[in-house]
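Below are the chains, spelled out letter by letter.
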Amino acid sequence: MVDINAFPYLGFVRFDLVNKEFDAGFNRYFNDHIQELSDKPGYSTSWRTRELRGRETDSGRDYFSAGLMEQEYQQIYAISKPEVFQSFPANPPPPVNEREPWRRDMSNWGRVFYRVLSHVEKDPRGGRYWARCDYNFTGTLEAVKTFKADCAAHLRRVLELPGIHRAWQLEHAATPAQIAGDPTGQYMLLYEIDAPENLYEIAALLRDPERFAALIKSDIAKYGKVIKAVGIKLED
């Protein structure tokens, strides 16, 4: 479990790979890259994900993603502070060399940071997928406080479901280290799970579906529209 006192932020580095001709080399490079950064001071655990879009499943079932969620690829780092990221993209970008031809196809590069408000973990196992729900919420100080407390309680309840190993409650942190625009939502709930159905087919998975489905649905519906996306883990 990540110590959120020592590493209270998650940094998301995001980009698209518009052409997958050289994606094997692209994945090898960034698998090594996240491990290299994880060994540096100020970094803890790191992960890579690729968003699953449309009906991209082995069984042909929909992953319930609500449209495209920013960039397709994400590298996620548990960090001590956003300032551990000190590099910025060159302008103009350097020429593409023959050892890294996939750089020709990278686009829409960005970097955003979130403060970890709470983090819960059920077991040390790693899930194959990550699911995220993005929220925008405004109100009085007391209303925001209640919203955050409700989200924290929601995470604890969700962890009782099968196939869900850990979850994060996050709030966007504006910082000079950010690159490109703000994220879709000010708040994010992030889940590490075995399969998308662990979150989205609650009633079929629970021994007491009426009780838990009512709890989860009320958590989600209480604050209006939720923007959802599911990504498959590439490496951690």
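Provided above is the structure to which this section pertains.
Residues numbered from 1 in each chain as written. Predicted model: local features only at pLDDT ≥ 70, side-chain atom pairs only at ≥ 80, totals over all residues. Heavy atoms only, no water.

Visitor: Help me understand unusual backbone geometry, please; the structure alone is not making it clear to me.
Guide: Note: most peptide bonds trans; most residues except glycine with negative phi. Located in the positive-phi region is Asn108, a residue other than glycine, with phi close to 55°. Mapped onto the elements of the fold, Asn108 is located in strand β4 (residues 106-121). A relative accessible area of 46% places Asn108 in the partly exposed class. Here the phi dihedral of Ala180 falls at roughly 75°; this positive angle occurs in a residue that is not glycine. Look at Ala180 and you get exposed, because its relative accessible area is 55%. (Helix = DSSP H or I, 4+ residues; strand = E, 2+ residues; numbered from the N terminus. Buried < 20%, exposed > 50% of the residue type's maximum accessible area, 1.4 Å probe, protein only.)

Visitor: Please explain the pattern of salt bridges as it appears in this structure.
Guide: Opposite charge on two side chains permits pairing when their charged atoms draw close. Overall, the coordinates contain ten salt bridges when judged by the stated rule. Two residues, Arg50 and Glu72, come together in a salt bridge whose shortest N-O distance is 3.9 Å. Taken together, the residues Arg50 in strand β2 (residues 43-51) and Glu72 in the loop between β2 and β3 (73-79) connect sequence positions 22 residues apart. One salt bridge in this structure joins Glu192 and Arg166, with 3.1 Å as the shortest N-O distance. Separated by 26 residues along the polypeptide, Glu192 in strand β7 (residues 187-193) and Arg166 in strand β6 (residues 164-172) bring together distant segments of the chain. Summarising the burial analysis for this pair, Glu192 and Arg166 share the class buried. Look at the salt bridges and you will find they share partners, linking Lys20, Arg50 and Glu72 into a network. (Salt bridge = Lys/Arg side-chain N within 4 Å of Asp/Glu carboxyl O.)

Visitor: In this structure, what is going on with helix α1 (residues 23-38)? I would like to understand it.
Guide: What sets the pattern is the α-helix's 3.6 residues per turn: residues three or four places apart point alike. Given a rise of 1.5 Å per residue, 16 residues ought to cover 22 Å, and the 22 Å separating the end C-alpha atoms of α1 matches this to within 8%. Gly25, Phe26, Phe30, Asn31, Ile34, Leu37 and Ser38 are the residues of α1 that are buried. (Expected span 1.5 Å × (residues − 1).)

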